[in-house]
Amino acid sequence: MIPDFSVILLTTASGVGYGMLAWLGVLNALRLLPSSPWFGVAAILFALALSTIGLLASTLHLGHPERAWRSVSQWRSSWLSREGIMALVTYLPALGFAAAWWFAGAATGAAVVLGLLAAVCALGTVACQAMIYITLKPIRQWCNRLVMPNLLVLALFTGAAWLAAAVTLDDPGGSRLVATIAALFGVAAGAAKLAYWRQIDAAPPVATIESATGLGALGHVRMLESPHTEENYLLREMGYTIARKHASRLRTIALAVGFIAPVLLLLVGIALRAAVDRILLPLAALAAVLGIYVERWLFFAEATHTVTLYYGRRDERVT
Amino acid sequence: MTSIPTPGAKRLGLVIDLDTCVGCHACAVNCKEWNTSGHAAPLTDFNPYQDHPDGVWLNRVHTYEAGTGPNSRTVHFPRSCLHCEDPPCVTVCPTGASYKRAEDGIVLVNAEICIGCKLCSWACPYGAREFDQDQGVMRKCTLCIDRIYNENLPKQERVPACVATCPARARHFGDLGDPDSAVSQLVAERGGFDLMPEMGCKPVNKYLPPRRRAMAAPPVEAPRAASGAGASVLRWIDRVLSR
C-alpha cells in the first residue's frame, strides 16, 4: 500500500495526542500530576492540538476535502465514520477537563470525571482507527489481530513520553513517575512491534493468483499480458512494493530511534534527576515520534493487497 | 446508506465465459466509450495520446497462462466489478456515497457526495474501483444502469455496453437471483465459479471455466537418428549447404 504522507501523519500525530490525553485524564484522577492550572490547560490543549493536526492532515488526501463533514453519517456500518465521530466527541470532555482544571482545580470531582471521560474517548478514537485497518480483508498485514494492541500501546507509549517532557518543563525533577511509565510502555511497544513484524513475515498469503482467477484447476497460473502498459491507479495505490533489504534496514532504524533511544534517554533522565531532565525527556519524546513515523511508513509500505495478484505479483516482498 | 440492504430476489450481474473470450479488449473499449458520457461520466484520461497515458477504466482484460507444458492454456480474463452480495466497499464508506441497490443488487457510487477517501478501493479484493484523480471521486462499473433500464433504446440493446459489443459472445447479462434465467442455467450447466471465494464477498458475477479439450495435444516427437545410404547423402548435402 502506498505510504501516503497525510495518512501517516494522521495516525502518528493523533496517536501521540490521544495517548497523552488518556494519560492526563488517568494520572490526574490518581493525583500523580502537577496541579498547576497553567500546566493542566497547556498540556490538554497541546494534546488536542496534536490530534487536530492529525485529523486535518487526513483531509488533505481526500478528493473533496470540503465534503469531509459528510463522513460522520454512516456510523452504523463504517469504522471510518465511527472514528470521525469519536474524534469529534472527544473534544467535549477534553475541553471540559481543561475548563474544570483551570476554574475549579485539578483535584475537583468535575476535573477527575471529565478527565477520565476524555481518556476513554481518546483511546476509543485510536481503537476505531485500528478497526479501519483490521476490517480490510484483502490486506493481510492489516487484517491482523496484532494491529489493535500495537496501535493502542504505541499511542500510550508516545503519549507518555510527551507527557513526561511536559511535566519536566513545568516541574524539573517531578517527572520521574511519568518517565518511568513511558519507559515501561516503550519496552512493551517495542515488544508489540517485534511480535507484529514476526507475525507478518511468517503468515501465509490470504489468496493466490489461482484462487483470484479461479483457474487453479488447470494448474499453475501466471500472467502473460497485463491489461495496460503503464501503471494505473490500482498499481500506484495498492501495488507499492519495498525491497526486503530496505524494509529490514528501516525496521532497524524504527526500532533504534523509536523505541531503544527514547527508553534509554528516559532511563538516564530518571537516574540523573532534575539537571538534565529538561534536555533528555524532550529528546526522548522527539525520538519516539520520529521512530514511530518510520514505523508507520513501514506499516503501509509492507502491506500487500490481493488486487496485485491479478497483475501476476506474488504476495512477498521483493528481494 | 452504506449498510447492506436486505437482499432482494433480483440479482443482476454478468456471466463471463473464459472459454470463448478472445482477449480483443472490445468490452473494455466500449465500456469506456459508453461510460465516459453516461451515469459514471467522465472517465478522465491524462495524456491519452502521449507518453505515460493514464486514466480510469471500469473493465480491464488480463491474459494468463494456466497449466504447464503442452496442455497449458492461454486464458483471456476480463476483470470488472462483481456486484457482490456482501460488498465490503459499501460498508466501509463513511458518507453513504457507495451503496448497493435493494431492488436489483447493483453497487453504485453517488459522485455528488463521494469525498474521495479511497477506502472503498482498499476494501475491494478485486480492484474493481478506480479513483478519478481529476474529479476527486471514485469510479466503478454501473452495470450500465443507464442502458439496461433505458426505454429510449431498442429492447435488444438494453444490456451493458460490454455485453452488447462482445464479438465472441463471451459475456452474458441477466438475473442471477432467478434460478430459471438463461444466465443461471448457463452457470449451472458449465460449472460457473466465484473469484476468490475465501474473501467472503459472495460475488454475483460468475466466470465459466475453459472447456476441457476434446483432443490432447500430441507429444512432441524426438528427432529420429538417421542411417543408411540416403542419410549419408543428406548429411553431405547438409555439409555443402552449411559452408
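Just so you know, these numbers come straight off a predicted model, no measurement behind them.

J.: Break down the overall build of chain B for me, with residues and values.
T.: Counting its secondary structure elements, chain B contains seven helices and 11 strands. Taking 18 Å as the expected radius of gyration for a compact globule of 243 residues, we find that chain B reaches 24 Å, considerably beyond that expectation. Along the three orthogonal principal directions, the C-alpha set of chain B runs to about 85 × 50 × 40 Å. Out of the 243 residues in chain B, the part that is buried amounts to 45%. Taking all contacts inside chain B whose residues are at least 6 apart in sequence as the whole, residues at least 24 apart take part in 60%.

J.: Talk me through the packing of helix H1 (residues 5-29) of chain A against helix H5 (residues 147-170) of chain A; I want residue IDs and the actual numbers.
T.: Residue and element names in this part refer to chain A. Between H1 and H5, the least distance of the axes is 7 Å, while the angle of their chain directions is 70°. On the basis of their axis angle, the class for H1 and H5 is roughly perpendicular. On H5, the residues that touch Gly 15, Val 16, Tyr 18, Gly 19, Met 20, Ala 22, Trp 23 and Leu 24 of H1 are Leu 151, Leu 154, Ala 155, Leu 156, Thr 158, Gly 159, Ala 160, Trp 162 and Leu 163. Split into classes, the residues belonging to the contact of H1 with H5 amount to 13 nonpolar, four polar and no charged.

J.: If you had to explain the nonpolar core to someone new, which residues and values would you point to?
T.: All names here are of chain A. Counting 163 residues, the largest nonpolar core has Leu 21, Ala 160, Ala 161, Leu 163, Ala 164 and Ala 182 as its most contacted members. Per element, the largest residue contribution to this core is 15 residues, and it comes from H5. Residues lining this core come from more than one domain, with at least three contributed by each of domain 1 (1-135) and domain 2 (144-319). If near-sequence neighbours (up to four positions away) are discounted, Ala 182 is found in contact with Phe 157, Ala 160, Ala 161, Ala 164 and Leu 266.

J.: I'd like to hear about the sheet that holds strand S11 (residues 206-208) of chain B, residue by residue, with values.
T.: Residue and element names in this part refer to chain B. With mixed pairing, the three strands of this open sheet are ordered in space as S10-S1-S11. Bordering the open sheet on either side are strand S10 (171-175) and S11, each of which pairs with just one other strand. Adjacent strand axes in the sheet meet at a mean angle of 25°, parallel and antiparallel pairs treated alike. Contacts from helix H6 (residues 182-190) reach strand S1 (12-17), S10 and S11 within the one sheet, and its direction differs from that of S10 by about 120°.

J.: So what's going on with the domain arrangement of chain A? Which residues, and what values?
T.: Residues and elements named next belong to chain A. You can read the domains of chain A as domain 1 (1-135) and domain 2 (144-319). A separation of 21 Å is found between the C-alpha centroids of domain 1 and domain 2. Facing the 29 residues of domain 1 at the interface are 32 residues of domain 2. Those elements giving two or more residues to the side of domain 1 that touches domain 2 turn out to be H1, helix H2 (37-60) and helix H4 (109-134). Looking at side-chain class alone, the side of domain 1 that touches domain 2 contains 23 nonpolar, six polar and no charged residues.

About the criteria used
- Residues numbered from 1 in each chain as written.
- Chains lettered and ligands numbered in written order.
- Predicted model: local features only at pLDDT ≥ 70, side-chain atom pairs only at ≥ 80, totals over all residues.
- Helix = DSSP H or I, 4+ residues; strand = E, 2+ residues; numbered from the N terminus.
- Rg over C-alpha atoms; globule rule 2.2 N^0.38 Å.
- Buried ≥ 20, exposed ≤ 12 C-beta atoms within 10 Å, placed from the backbone.
- Contact = placed C-beta atoms within 7 Å.
- Axes fitted to C-alpha atoms, helices over the stretch in contact; angles between N-to-C directions.
- Parallel < 35°, antiparallel > 145°, perpendicular 65-115°, else oblique.
- Nonpolar A, V, L, I, M, F, W, Y, C, P; charged D, E, K, R; others polar.
- Core = buried A, V, L, I, M, F, W, Y, C linked by C-beta atoms within 7 Å.
- Domains from an automatic or database assignment.
- Pairing = 2+ DSSP bridges.

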